[in-house]
Amino acid sequence: MSTGSPSPHKTALEFKSTSLNVPSLILISDQINQFEHHLKEKIAQAPEFFKHSPVLIDLQDINKKGLEINLAEFVDVLKIHHFLPIGVRGGTKEQNSIAIALHLPVHSAHSTMPPAQQKNQPKTIKPENQAEQSAQTPVQSNGIENKLVTQPIRSGQRVYAKGDLIITAPVSAGAEVVAEGNIHIYGALRGRALAGAQGAEDSLIFCSDLHAELVAIAGNYKVSDDIEDAVKNKPVQISLDDQALIIQPI
Amino acid sequence: MARIIVVTSGKGGVGKTTTSAAIAMGLAKRGHKTAVIDFDVGLRNLDLIMGCERRVVYDFINVINGEASLKQTLIKDKRCNQLFILPASQTRDKDALTKEGVGKVLEELSKEFKYVVCDSPAGIEQGANLAMYYADDAFVVTNPEVSSVRDSDRMLGILASKSRRAENGDEPINEYLLLSRYSPARVKAGEMLSVDDVQDILSLELLGVIPESKSVLNASNAGLPVILDEQSDAGKAYVDIVARYLGEDKPHRFIDEKKGILGKLFRS
């Protein structure tokens, strides 16, 4: 197709500015074996979440320490484990030119995450914090990922929201509603509700009539048998306090 | 264009075929040209309930495979000249049904008929999926007990997500609840879910309640759609259901116990 020449037809493409949330992977150690070992551990915890996940390689920390790494090697390891590196940031001149040679865009070092947030993270194994951060960001800062459902959710159906999930109809027995953020149900909850599906422990579940088969926040769950009769058939708020689900009538 | 109605439930034995036969006969008797199709390939029953089992020559699968024309295959009802039956094949299984084949037959029927009633088999496999795929309206037949209600709920989820209307993003299928084998006396005794309980769980428009009645079994054995037994409560209930479906406002007659007559009938 010819470019530049005016055409009577509609244009075939359009460039628009967009921003997206991508987990960044902060390299801390120059030891490739150690890196791969920790990476595997993280993947084992949530294989589906990491599979084909885009990732931005952050080299600031490693360069601050003056450690030298073979970037191509790290990129290979990431690819072997089904990550899709989509760029580097905070790299030196040499690292940047290697990145370009590897077809990885170079992003500017500052911007995106405020430095304060990074400093608050305890200096443990970094990939762990990364996983949690990336899961939480859309919930906390980005409202567009929320989902609203107005039709009843039937037995056998499953609804997943990357942010908050708001349902203005009943959730039937045998149905499953899952959100990375909070779940609000303005109707009876007879099925399963799982909030904080990516580990956000401050997620809440609200429902106006509790008959749930199972409720869970960040992996901590209660089945119907474990739910006290005192809170059943009532409007409730469910929260997580130190790994224990708290169900309160509202 | 015909209106395509699927009679479905998920669970078996709740009264789908009885309902299909009754509704089809009811619509035909109101003067609308109606065809009723048995989708239960391999477990053919509709012809028995309709009393035309001795006149089956070709079947639905023959038409799909182009081995017989619709005209040759459709059986005209002896009691009502507006009603035609398309029987299922007894020697094949549900895999003989194809989406394209079913679509072609329904399209051809649509040219000539006002209503096409699809009698769905139980389950949520090929036969049931194809019975509902092209539907405009769904009659969800449910018995007032928990497993039937849950299966209906599952079926409603499938209606909302896997039909042609859902796939094309058209207006969704109109879903109606038919509560069959209802016994007000047993509801009162706490042995059966009430209309309110079921509606609460399914959040669906109630098209009618069909009371538990001996006349249903008698009618089935005689090959007579129960709607023709105008003395029976079940027959009356189906007459009301057809009227409501056609837009008439009829009060529900069989939800409450009537002067103890029903109670006596059902207490056993």
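Quantities reported herein were computed from a predicted structural model and do not represent experimental measurements. (Residues numbered from 1 in each chain as written. Chains lettered and ligands numbered in written order. Predicted model: local features only at pLDDT ≥ 70, side-chain atom pairs only at ≥ 80, totals over all residues. Heavy atoms only, no water.)

What follows concerns unusual backbone geometry. One non-glycine residue, A:Gln243, lies in positive phi territory at about 70°. Relative to the assigned elements, A:Gln243 resides in the loop between strand 14 (236-241) and strand 15 (244-249). A:Gln243 sits in the exposed class, given a relative accessible area of 58%. Positive phi outside glycine occurs at B:Arg181, with the angle close to 55°. Looking at where B:Arg181 falls in the secondary structure, it is placed in strand 7 (residues 174-182). (Helix = DSSP H or I, 4+ residues; strand = E, 2+ residues; numbered from the N terminus. Buried < 20%, exposed > 50% of the residue type's maximum accessible area, 1.4 Å probe, protein only.)

On to the sheet that holds strand 6 (residues 158-161) of chain A, then. Residues and elements named next belong to chain A. Pairing is mixed in the open sheet, where five strands are placed in the order 6-8-10-12-13. Two strands close off the open sheet at either side, each with one partner strand: strand 6 and strand 13 (220-223). Across this sheet, the average inter-strand angle for adjacent strands is 5°, counted without regard to direction. When strand 12 (residues 214-217) meets strand 13, the two strands line up antiparallel, connected through four bridges. Along strand 13, the bridge assignment pairs valine 215 with lysine 222. (Pairing = 2+ DSSP bridges. Axes fitted to C-alpha atoms, helices over the stretch in contact; angles between N-to-C directions.)

What follows is about the side chain of B:Ser110. Residue and element names in this part refer to chain B. With respect to the helices, strands and loops of the structure, serine 110 is situated in helix 5 (residues 99-112). According to the relative accessible area criterion, serine 110 is buried, its value standing at 3%. When neighbours within four sequence positions are excluded, serine 110 is seen to be in contact with Met1, Ala2 and Ile4. (Contact = heavy atoms within 4.5 Å.)

Okay, the packing of helix 1 (residues 32-45) of chain A against helix 4 (residues 71-80) of chain A next. All names here are of chain A. Direction vectors running N to C along helix 1 and helix 4 enclose 20°, while the axes themselves pass 11 Å from each other. Here helix 1 lies roughly parallel to helix 4, going by the angle between them. Judged by the sense of rotation from one axis to the other, the crossing of helix 1 with helix 4 is right-handed. Residues Ile32, Phe35, Glu36 and Leu39 of helix 1 touch helix 4, and the partners they reach there are Glu73, Phe74, Val77 and Leu78. Residues belonging to the contact of helix 1 with helix 4 are distributed by class as follows: six nonpolar, no polar and two charged. (Parallel < 35°, antiparallel > 145°, perpendicular 65-115°, else oblique. Left-handed = near helix turned anticlockwise from the far one by under 90°. Nonpolar A, V, L, I, M, F, W, Y, C, P; charged D, E, K, R; others polar.)

With twelve residues of chain B in contact, the opposing surface of chain A contributes ten residues. Interface area for chain B against chain A, summed over the two sides, is near 840 Å², with a carbon-plus-sulfur share of 39%. A per-residue breakdown of the area chain B buries against chain A is headed by B:Arg150, B:Asp153 and B:Arg154, which together make up 48% of the total. B:Asp200 is the partner of A:Arg190 in a salt bridge, and the nearest nitrogen-oxygen pair spans 3.1 Å. (Buried area = accessible area lost by both parts, 1.4 Å probe. Salt bridge = Lys/Arg side-chain N within 4 Å of Asp/Glu carboxyl O.)

This part covers the packing of helix 7 (residues 146-162) of chain B against helix 10 (residues 195-202) of chain B. Residues and elements named next belong to chain B. The N-to-C vectors of helix 7 and helix 10 enclose an angle of 35°; their axes lie 10 Å apart at closest approach. Remark: the crossing between helix 7 and helix 10 carries right-handed chirality. Of helix 10, the residues touching helix 7 (which contributes Val149, Ser152, Asp153 and Leu156) are Val198, Ile201 and Leu202.

Further remarks concern the sheet that holds strand 7 of chain B. All names here are of chain B. Read from one edge of the open sheet, eight strands run 3-4-2-5-1-6-7-8, paired in mixed fashion. Looking along the sheet, the strands with just one partner apiece sit at the ends: strand 3 (75-76) and strand 8 (205-211). In this fold helix 7 packs onto strand 1 (3-8), strand 6 (137-142) and strand 7, with an angle of close to 165° to the strand it touches most, strand 6.

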